[in-house]
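A look at the structure
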Amino acid sequence: MNTSAQPAPERQPGWFLALYALAAAGGAVAYVPLLTVLLPERIASLQGREDIAALAQASFWGAVTASLANIAVGALSDASRVRRPWILAGLLISNFWLLQIGAAHSVSEIVLLVMLWQVGLNLMLAPLMAWAGDCFPDSQKGVLGGALALSPALGALAGSLVTFGGLVAPDMRLPVVAGLVTALVLPAMLLGGRQERSGLMQPDSQKQADPRGQAGARPDHAVRRMWAARFLVQVAEGGMFAFLLFWLRSLAPGYPENSAANIFSLVLVGAVPLSFVLGRWSDRHGRPILPLAGCALLCALGMLVMAAAASLSQAIAGYVLFAMAAAIFLSLHASQTLRVLPAPQHRGRDLGLFNLTNTLPAMVMPWLTVKLVPGLGYSALFVLFASLSLASAALLASFARGAGNPSARDA
């Protein structure tokens, strides 16, 4: 039942959903190839070996910078009441610093350049995600989440493309990444100037007055539960994101970086249609949280398979289950987060606080990996990750039981 006196915000046409999905994917293409393959490879070439400590240092300081930049830029885009100029500026700045990383001559120089690149990257990413909240009504949040699953898939495919044997020369890999990012982001910026929905950009007094909020719980409780659930899964996903190549090589010495990128790509591509199906289902049935709980449970199962794996094939099977479930979870969670934020006029800032669920694990997990893996092996780490994913599933399952149909007001 529609309880609001205001008309429901108009749904977005398919062409804009597609362009927005490609722009969001451009953000993933900007960082996935670098952080999963190209940065470890660059550090290894400088150090003469695979240096986990050096990679941890670059990951930590990059994540600190990303955390601060995302919150600050989100708040600035709120204050300016425009998003696209910030996105375009971030595109230019992040591409510039990305190219400089390839010319670094020391680990300390790489750390500094990664920090500068993170400033530019979040200058693009923070307003880009907030723009989705300005444009897409709650009745499309599920299918928006399905579209966002394209982001990690294209990011992984870009990693496979630039590392495919002989296709792209090593010194051209970063320029190719910069070109792909530009090609993906620009169309939405050029053609999407009139797609904001004014009703989604105004303070929602009804939501603030209703103690049950949009998600069947008090707004502050909904926000906290969604934040904690994503953080728990992101700890596991972030650990695998940074150390996938090193883990595979611990099982099979000399495992090629292109094969790691291919596995990553195939899993994430497979997650895209499943994300669309689950996202559309959640829109139609008004159950935005239930798919998230199920995916968190599958993440835990995949991690346990990885921890117990006695062969490379078993390990890869566990990783496929974990990575596919995590990709679906993170894409659907990103769109449903927009549903629970209580203040549209502070959407960019609040999404910056949610972005801490991405960056805090990146700060903590590299150092935890350095402490755990040498003494206990990767299996101990995976058992820890599985426990955290189970906690996320339990948190979301209790949330889902009281969520009702939060999309009814604009369905």
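Residues numbered from 1 in each chain as written. Predicted model: local features only at pLDDT ≥ 70, side-chain atom pairs only at ≥ 80, totals over all residues. Heavy atoms only, no water.

The subject of this paragraph is the overall build of the protein. Along its length, the protein carries 15 helices and zero strands. Burial analysis of the protein (411 residues in total) assigns 55% to the buried set. Sequence-distant contacts, at least 24 apart, represent 83% of the contacts inside the protein between residues at least 6 apart. (Helix = DSSP H or I, 4+ residues; strand = E, 2+ residues; numbered from the N terminus. Buried < 20%, exposed > 50% of the residue type's maximum accessible area, 1.4 Å probe, protein only. Contact = heavy atoms within 4.5 Å.)

Here the focus is helix H4 (residues 107-135). With 29 residues, H4 extends 41 Å from end C-alpha to end C-alpha; this agrees with the ideal 42 Å at 1.5 Å per step. When you tally the buried positions in H4, you get 22 out of 29 residues, the bulk of the element. (Expected span 1.5 Å × (residues − 1).)

On to the pattern of salt bridges. For the structure shown, the criterion picks out six salt bridges. Here Arg83 ties to Asp78 by a salt bridge, and the two come within 3.0 Å at their closest N and O atoms. Neither residue differs from the other here; Arg83 and Asp78 are each classed as buried. Across the pair Asp134 and Arg83 runs a salt bridge, and its minimum N-O distance is 2.8 Å. (Salt bridge = Lys/Arg side-chain N within 4 Å of Asp/Glu carboxyl O.)

Taken over all residues, the pLDDT of the protein has a mean of 85, while the share at 70 or more is 89%. Taken as a whole, residues 205-217 scores under 50 in pLDDT and shows 29 contacts with residues more than four places along the chain or in a different chain. Here residues 404-411 is a poorly scored stretch, pLDDT under 50, and it has 24 contacts once near neighbours within four places are set aside; other chains count. (pLDDT = per-residue confidence, 0-100.)

Let us now look at the packing of helix H1 (residues 14-47) against H4. The contact between H1 and H4 brings their axes to 11 Å, and the two run at 165°. It follows from the interaxial angle that H1 and H4 lie roughly antiparallel. Handedness of the H1/H4 crossing: left-handed. Split into classes, the residues belonging to the contact of H1 with H4 amount to 23 nonpolar, two polar and one charged. (Axes fitted to C-alpha atoms, helices over the stretch in contact; angles between N-to-C directions. Parallel < 35°, antiparallel > 145°, perpendicular 65-115°, else oblique. Left-handed = near helix turned anticlockwise from the far one by under 90°. Nonpolar A, V, L, I, M, F, W, Y, C, P; charged D, E, K, R; others polar.)

With that settled, the discussion passes to the packing of helix H11 (residues 290-308) against helix H12 (residues 312-340). Packing of H11 against H12 brings their axes to within 8 Å, and their N-to-C directions diverge by 160°. As summarised for this structure, H11 and H12 are arranged roughly antiparallel, according to the angle between their axes. Every pair of crossing elements has a handedness; the one defined by H11 and H12 is left-handed. Residues Pro291, Leu292, Cys295, Ala296, Leu298, Cys299, Leu301, Gly302, Met303, Val305, Met306 and Ala308 of H11 pack against Gln314, Ala315, Gly318, Tyr319, Leu321, Phe322, Ala325, Ala326, Ile328, Phe329, Leu332 and His333 of H12. Taken together, the residues of the contact of H11 with H12 sort by class into 20 nonpolar, four polar and no charged.

Below, the discussion takes up the packing of aromatic side chains. Taken as a whole and assessed by the stated rule, the structure comprises nine aromatic pairs. On the basis of an interplanar angle of 10° and a centroid distance of 5.4 Å, the ring pair of Trp227 and Phe231 is categorised as stacked. Residue Trp227 and its partner Phe231 are both found in helix H9 (residues 219-251); the two are separated by four residues, about one turn of the helix. Accessibility expressed as a relative area gives 26% for Trp227, which makes it partly exposed. Look at Phe382 and Phe385: their rings are 6.5 Å apart centre to centre, the planes differ by 40°, and that puts the pair in the tilted class. Taken as a pair, Phe382 and Phe385 lie in helix H15 (residues 378-401) at a separation of three residues, close to a single helical turn. An identical accessibility class is assigned to Phe382 and Phe385; each is buried. Taken together through their ring pairs, the aromatic side chains of Trp15, Phe16, Tyr20, Trp131 and Phe136 make up a single cluster. (Phe/Tyr/Trp six-rings, centres within 6.5 Å; stacked < 30°, edge-to-face > 60°.)

The next thing to look at is the nonpolar core. Counting 116 residues, the largest nonpolar core has Tyr20, Trp247, Tyr319 and Phe322 as the members making the most contacts within it. Ranked by residue count, the leading element in this core is H1, at 16 residues. Leave out the neighbours within four places in its chain, and Tyr20 touches Leu128, Met129, Trp131, Ala132, Phe136, Leu144, Leu148 and Ala188. (Core = buried A, V, L, I, M, F, W, Y, C linked by side-chain atoms within 4.5 Å.)

Before going further, it helps to examine helix H13 (residues 347-354). Among the eight residues that make up H13, six are buried, leaving the element largely enclosed by the rest of the structure. If you check which residues of H13 are buried, you get Arg347, Gly348, Asp350, Leu351, Gly352 and Phe354.

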